[in-house]
Amino acid sequence: MFPPDINGQRGLYEHEADQLRKYGGTSATFHSLTFIMTTYFSYPEPELQQELRRIANAIVRPGHGILAADESTGTMGKRLQSIGTENTEENRRKYRQLLFTSDKELGNYVSGVILFHETLYQKADDGTPFVTLIKNLGIIPGIKVDKGVVPLMGSEGESTTQGLDDLSQRCAQYKKDGCDFAKWRCTLKIGENTPSFQAIAENANVLARYASICQMNGLVPIVEPEVLMDGSHDLERAQKVTEVVLAFTYKALSDHHVFLEGSLLKPNMVLAGQSCPKKYTPQQAADATVQALSRTVPAAMPGVCFLSGGQSEEEATVHLDAINKTTVAKKPWALTFSYGRALQASAIKAWGGQDGGVAAGQDELLKRARANSAASLGTYSAGTVSGAAGSQGLFVKNHQY
């Protein structure tokens, strides 16, 4: 028995079956293989491809990057606590209002902003929706859609990320409400026995399923497999793990027929563990990062938007600049930023939770955005931009948004 005719391919099946019989195979063997190994699938319709490609390319156009303002209620509470401000919805709204009422110059450096669900539906003092303010700056609104990490049973403290069950309905609603892209974060830890095959494969599959659901609903997926800085591992180990994680991720994206030209990657830079006794130069980290990407990330994917991962503001900018300057390997994608703490640490400190500090906070945000724009072009000079947070380390162990 041959499988049913699919798109006129029955003749091909019969030919392959004949070949199998000739060399000792059976039609039964062939019959099972055709269902396991089928390569028939469809890319999105041309109109959807064009829409996804347009959004992705706009986000990673030269000199632009992403402001990650998608901190959860709990994480935002820690930021507010650091400046002696109570974690209330009104204070969270006031701080996000500071970001989105910045001078229009911000749109010269920031092309997208990732929002938390609460923030997407908030308004400014005058009643203007935040989404409208963001679009008026020439910035594309995006949305965090994962529901946080959960433990992987039987692992050594590893995790996966939840939120797939109702994702399609939420994506459809977010698209209607003004968002054009989404973000989903998975985390992997480097240890003696980690990341495990279980964790790498599970997180790659979850990211791929998320990405395909986003694209079905017209959202560009930002794929974020973060290898955490926690640990004492050296740069070489960080590079190897990053390469393996990215290889698994792009195999899963292929398996799920994700349209790469309408997606973006948000990886960690390749950096030694926070507790590593050996220190590396920005050039060494940049070479390791670009080498890892060149070995694993397809050229069809338009842009890499690095996370800052607990680096200080200045460290994140210097490393991004070094990545854009290195010539260790070909770089067919845009290499830019998707920073949260590394764009906002000075801004929130200068604001201090006071109405009178809004202008100072906005000035700090603009300075840092301008610096990272230059770094994304490889034209930043280290130490030329100082901020209220200075070179303050922003590392948080086992960080969760």
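Residues numbered from 1 in each chain as written. Predicted model: local features only at pLDDT ≥ 70, side-chain atom pairs only at ≥ 80, totals over all residues. Heavy atoms only, no water.

Trainee: Can you help me understand the overall build of the protein chain in this one?
Mentor: Broken down by element type, the protein chain carries 14 helices and 10 strands. Taking the intrachain contacts of the protein chain between residues at least 6 apart in sequence as the baseline, contacts between residues at least 24 apart amount to 79%. (Helix = DSSP H or I, 4+ residues; strand = E, 2+ residues; numbered from the N terminus. Contact = heavy atoms within 4.5 Å.)

Trainee: I tried to follow the side chain of E118 on my own but got confused; where do I start?
Mentor: Here E118 lies in helix 6 (residues 117–120). If we skip the residues at most four places from it in the chain, E118 touches T73, E89 and R92.

Trainee: How should I be thinking about the pattern of salt bridges in this particular structure?
Mentor: Pairing between side chains of opposite charge can happen when their charged atoms approach one another. Evaluated as defined, the whole model comprises 21 salt bridges. Salt-bridge contacts for R370 lead to E105; the nearest nitrogen and oxygen are separated by 3.0 Å. Residue R370 is found in helix 14 (residues 358–376), and its partner E105 is found in the loop between helix 5 (89–100) and strand 2 (110–115); the two are separated by 265 residues along the sequence. For E105, a relative accessible area of 23% puts it in the partly exposed group. Put simply, E226 and R185 hold a salt bridge, and the shortest N to O gap is 2.7 Å. Residue E226 is located in strand 7 (residues 220–227), and its partner R185 is located in strand 6 (residues 181–188); the two are separated by 41 residues in the primary sequence. Grouping residues by exposure puts E226 and R185 together as buried. Taken together, the salt bridges that share partners define one network made up of D70, K183, R185, E224 and E226. (Salt bridge = Lys/Arg side-chain N within 4 Å of Asp/Glu carboxyl O. Buried < 20%, exposed > 50% of the residue type's maximum accessible area, 1.4 Å probe, protein only.)

Trainee: What is the right way to look at the packing of helix 13 (residues 341–351) against helix 14 in this model?
Mentor: A packed helix pair is summarised by two numbers, namely the angle formed by the two axes and the spacing between the axes. The interhelical angle for the contact between helix 13 and helix 14, taken along N-to-C directions, is 160 degrees, at an axis separation of 7 Å. Taken together, the axes of helix 13 and helix 14 lie roughly antiparallel to each other. As for how helix 13 packs across helix 14, the hand of that crossing is right-handed. Within the contact between the two elements, helix 13 uses A342, L343, S346, A347, A350 and W351 and helix 14 uses V358, A360, G361, E364, L365, R368, A369 and N372. For the contact of helix 13 with helix 14, a count of residues per class yields 9 nonpolar, 3 polar and 2 charged. (Axes fitted to C-alpha atoms, helices over the stretch in contact; angles between N-to-C directions. Parallel < 35°, antiparallel > 145°, perpendicular 65-115°, else oblique. Left-handed = near helix turned anticlockwise from the far one by under 90°. Nonpolar A, V, L, I, M, F, W, Y, C, P; charged D, E, K, R; others polar.)

Trainee: Please clarify how the environment of I323 should be interpreted in this entry.
Mentor: Inspection of the secondary structure assignment puts I323 in helix 12 (residues 313–325). The class for I323 is buried, based on a relative accessible area of 1%. Between the C-alpha atoms of I323 and G378, which are 55 residues apart in sequence, the distance is 7.7 Å. Ignoring sequence-local partners within four residues, the contact set of I323 consists of M269, A286, T289, V290, F306, K331 and L335.

Trainee: Would you take a moment to explain unusual backbone geometry for this structure?
Mentor: Most peptide bonds are trans, and most residues other than glycine sit at a negative phi. With an omega of 5 degrees, the peptide bond between T194 and P195 qualifies as cis. Looking at the element boundaries, P195 is found in the loop between strand 6 and helix 9 (197–216). Of note, the phi angle at H257 is positive, near 60 degrees, even though the residue is not glycine. With respect to the element layout, H257 can be found in the loop between helix 10 (235–255) and strand 8 (264–265).

Trainee: Would you mind going over helix 13 with me for this structure?
Mentor: Count 3.6 residues to each turn of an α-helix, and residues three or four apart come out pointing the same way. With respect to burial, helix 13 is a largely interior element, 9 of its 11 residues being buried. The complete set of buried residues in helix 13 reads R341, A342, L343, Q344, A345, S346, A347, I348 and W351. Structurally, helix 13 contributes buried residues whose contacts are with strand 1 (65–69), helix 4 (73–81), helix 5, helix 12, strand 10 (334–339) and helix 14. Just downstream of helix 13 lies G352, where phi reads positive at about 65 degrees.

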